[in-house]
Amino acid sequence: QKEVEQDPGPLSVPEGAIVSLNCTYSNSAFQYFMWYRQYSRKGPELLMYTYSSGNKEDGRFTAQVDKSSKYISLFIRDSQPSDSATYLCAMSDDKIIFGKGTRLHILP
Amino acid sequence: EAQVTQNPRYLITVTGKKLTVTCSQNMNHEYMSWYRQDPGLGLRQIYYSMNVEVTDKGDVPEGYKVSRKEKRNFPLILESPSPNQTSLYFCASSFLMNTEAFFGQGTRLTVV
């Protein structure tokens, strides 16, 4: 079983919809959970960073961690065409492990 | 502005011709690493460095070298590039090994 699983997509949703992106993991030692956004031909940039189970909100973005289910989610409200990118989950205990990313297309 | 700077952004080279990709960070981070990103394979770590003069292999180190003579710089060296090293390369830095990483803009390398 891979340490971090992430559906590669692509995921296409209409503008204004709520987007849900998810990752599952197998290592219960992971303590830090992150979401990165990567635009085409750019480096990944950190979007959200959480330490514990629960929700963390930042503007239109909400990160959710469920350690008991080993499942993390990123919700994007009122999605915009500018949100079209690849989203990578990442988690760490003594080092960071990245998911392979989900390609998201927001259709105008 | 806090940033990780890689150069060059694009590079086309021939098999066997030694090349160096530079990486510099201005955040005084201890930890730096190199990744390659390939379609369907995601980010794979090549080498990392915990501090000056301390480097170690990541998941895919074959064919690569690194050095860390100064805290801010972490160059990636390909002594004899081969076509299977054609990829998108990212340098990253972070305060600690397991905290949020800051990435450079990437270097797209093509080896013919």
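The coordinates are above.
So, here is what we can say about the structure in this document. (Residues numbered from 1 in each chain as written. Chains lettered and ligands numbered in written order. Predicted model: local features only at pLDDT ≥ 70, side-chain atom pairs only at ≥ 80, totals over all residues. Heavy atoms only, no water.)

### Brief notes about the sheet that holds strand β8 (residues 76–78) of chain B
Here we have four strands laid out as an open sheet, ordered β1-β3-β8-β7 (chain B), and antiparallel in their pairing. Sheet topology places β1 (4–7) and β7 (65–66) of chain B at the edges, where each strand pairs with a single neighbour. (Pairing = 2+ DSSP bridges. Helix = DSSP H or I, 4+ residues; strand = E, 2+ residues; numbered from the N terminus.)

### Things to note about the state of the cysteines
Enumeration according to the criterion identifies two disulfides over all chains in this entry. With its sulfur 2.0 Å from that of its partner, Cys 23 of chain A forms a disulfide with Cys 89 of chain A. Classification of the bridge connecting Cys 23 of chain A and Cys 89 of chain A rests on its S-S torsion, roughly -100°, and on that basis the disulfide is left-handed. Taken as a pair, Cys 23 of chain A in strand β3 (residues 19–25) and Cys 89 of chain A in strand β9 (residues 85–92) lie far apart in primary sequence, 66 residues in all. As far as burial versus exposure is concerned, Cys 23 of chain A and Cys 89 of chain A are alike and both buried. Between the sulfur atoms of Cys 23 of chain B and its disulfide partner Cys 91 of chain B the distance amounts to 1.9 Å. Across the disulfide from Cys 23 of chain B to Cys 91 of chain B, rotation about the S-S bond amounts to roughly -70°, and the bridge is consequently left-handed. Taken together, the residues Cys 23 of chain B in strand β3 (residues 19–25) and Cys 91 of chain B in strand β9 (residues 87–94) connect sequence positions 68 residues apart. (Disulfide = S-S within 2.5 Å. Buried < 20%, exposed > 50% of the residue type's maximum accessible area, 1.4 Å probe, protein only.)

### Remarks on the packing of aromatic side chains
Here the structure, examined in full by the defined rule, presents 12 aromatic pairs over all chains. Ring centres 5.1 Å apart and planes at 50° place the aromatic pair Tyr 32 of chain A and Tyr 51 of chain A in the tilted group. Taken together, the positions of Tyr 32 of chain A in strand β4 (residues 32–38) and Tyr 51 of chain A in the loop between β5 (45–50) and β6 (54–58) put the pair 19 residues apart, joining distant regions of the chain. A relative accessible area of 45% means that Tyr 51 of chain A is categorised as partly exposed. Ring centres of Phe 90 of chain B and Phe 103 of chain B lie 6.2 Å apart, and the angle between their planes is 90°; this geometry places the pair in the edge-to-face category. (Phe/Tyr/Trp six-rings, centres within 6.5 Å; stacked < 30°, edge-to-face > 60°.)

Such coordinate-based values are descriptive only and should not be taken to indicate function.
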